[in-house]
Amino acid sequence: DAGVTQTPRHEVAEKGQTIILKCEPVSGHNDLFWYRQTKIQGLELLSYFRSKSLMEDGGAFKDRFKAEMLNSSFSTLKIQPTEPKDSAVYLCASSLGRNQDTQYFGPGTRLLVL
Amino acid sequence: GQQVKQSSPSLTVQEGGISILNCDYENDMFDYFAWYKKYPDNSPTLLISVRSNVDKREDGRLTVFLNKSGKHFSLHITASQPEDTAVYLCAAGGNTEGADRLTFGKGTQLIIQP
């Protein structure tokens, strides 16, 4: 079985651009999470879906970050417009979603905003 | 404030020694506790987890101790080896309104010195 896949692995954007990150969860998993990882803040939850329904949309990130899950096997995270402070690694994770099952992380997208 | 806190950003242990990593949490509704391991340029992977109905779980060289009254859990690694050098993230969660999400600590960098 394939694990969580994320594309692109690396992205360089100019300030003000719109970027879209993609994630495919493990087949059969019901929960999908988007995180931002930085050295200072660690792992911060951006969005959380259960069976394609948005369960949590991280408050501080609402204005320029929008995650969508149009089907059970694909999710996107749009950042619009990008700012240099958005430079980080963006991780997608999925789990079965039954009472704290293991979260499996994708390889991440390393974003650099100039 | 931080709901899950790892007070030591780094820890150095001699090879063969016991590594003790600590984590404190605030929400007494949390009933699931986990440790993830992260190598540089890799994503976190689950090491070991425990539910609140037990206060200890062993798996090989790893032991998780849970102190619910103190809102504290720890990871003990015996016979520490150079390959244990990594960032260790603690995480805690609870099944609230049918939703499962984890809150992560910022991580402790463990360095095993040969």
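As the structure is a computational prediction, the values presented were derived from the model and not from experiment. (Residues numbered from 1 in each chain as written. Chains lettered and ligands numbered in written order. Predicted model: local features only at pLDDT ≥ 70, side-chain atom pairs only at ≥ 80, totals over all residues. Heavy atoms only, no water.)

**Overview of the overall build of chain B**
Phase 1 of the analysis: Broken down by element type, chain B carries zero helices and 11 strands.
Phase 2 of the analysis: Going from the N terminus to the C terminus, chain B shows its helices and strands as β-β-β-β-β-β-β-β-β-β-β.
Phase 3 of the analysis: Scaling as 2.2 N^0.38, a compact globule of 114 residues should have a C-alpha radius of gyration of about 13 Å, and chain B matches this with 14 Å.
Phase 4 of the analysis: The dimensions of chain B, computed from C-alpha atoms along their principal axes, are 45 × 30 × 20 Å.
Phase 5 of the analysis: In chain B, buried positions account for 42% of the 114 residues. (Helix = DSSP H or I, 4+ residues; strand = E, 2+ residues; numbered from the N terminus. Rg over C-alpha atoms; globule rule 2.2 N^0.38 Å. Buried < 20%, exposed > 50% of the residue type's maximum accessible area, 1.4 Å probe, protein only.)

**Section: the pattern of salt bridges**
Residues and elements named next belong to chain A.
Phase 1 of the analysis: By the definition in use, this model includes nine salt bridges over all chains.
Phase 2 of the analysis: Two residues, glutamate 44 and arginine 36, come together in a salt bridge whose shortest N-O distance is 3.3 Å. For the pair formed by glutamate 44 and arginine 36, the shared burial category is buried.
Phase 3 of the analysis: For arginine 64, the salt bridge goes to glutamate 83, with nearest N and O atoms at 3.5 Å. (Salt bridge = Lys/Arg side-chain N within 4 Å of Asp/Glu carboxyl O.)

**Brief notes about the state of the cysteines**
Residues and elements named next belong to chain A.
Phase 1 of the analysis: Applying the stated criterion across every chain yields a total of two disulfides over all chains.
Phase 2 of the analysis: In this model cysteine 23 forms its disulfide with cysteine 92; the gap between the sulfur atoms is 1.9 Å. Across the S-S bond of cysteine 23 and cysteine 92 the torsion is about -70 degrees, and the bridge reads as left-handed. On the criterion of sequence distance, the pair formed by cysteine 23 in strand β3 (residues 19-24) and cysteine 92 in strand β9 (residues 88-95) is long-range, its members being 69 residues apart. For the pair cysteine 23 and cysteine 92, one class covers both residues: buried. (Disulfide = S-S within 2.5 Å.)

**Quick look at the packing of aromatic side chains**
Phase 1 of the analysis: A full pass over the atoms with the stated rule returns 13 aromatic pairs over all chains.
Phase 2 of the analysis: Note on A:Phe105 and B:Phe104: the rings are 6.0 Å apart at their centroids and 70 degrees apart in plane angle, and the pair reads as edge-to-face. Of this pair, A:Phe105 sits in strand β10 (residues 104-105) while B:Phe104 sits in strand β10 (residues 102-104), placing the two residues on different chains. Of the two residues examined, A:Phe105 and B:Phe104, each falls in the buried class.
Phase 3 of the analysis: Between B:Tyr25 and B:Phe33 the ring centres are 4.9 Å apart and the planes differ by 45 degrees, which places this aromatic pair in the tilted class.
Phase 4 of the analysis: Using a relative accessible area of 0% as the deciding quantity, one classes B:Phe33 as buried.
Phase 5 of the analysis: Through a chain of ring-to-ring contacts, the aromatic side chains of A:Phe33, A:Tyr35, A:Tyr48, A:Phe105, B:Tyr36 and B:Phe104 assemble into a single cluster. (Phe/Tyr/Trp six-rings, centres within 6.5 Å; stacked < 30°, edge-to-face > 60°.)

**Focus on the nonpolar core**
Phase 1 of the analysis: Membership of the largest hydrophobic core comes to 22 residues, with the highest contact counts inside it found for B:Phe33, B:Trp35, B:Phe73, B:Leu75 and B:Tyr88.
Phase 2 of the analysis: Elements with a minimum of two residues in this core: β3 (19-25), β4 (32-38), β5 (45-51), β7 (62-67), β8 (72-77), β9 (86-93) and β11 (108-113) of chain B.
Phase 3 of the analysis: Per element, the largest residue contribution to this core is four residues, and it comes from β9(B).
Phase 4 of the analysis: In terms of nonpolar packing, the next biggest core, distinct from the first, is built from 20 residues, A:Val26, A:Ala67, A:Tyr90 and A:Cys92 among them. (Core = buried A, V, L, I, M, F, W, Y, C linked by side-chain atoms within 4.5 Å.)

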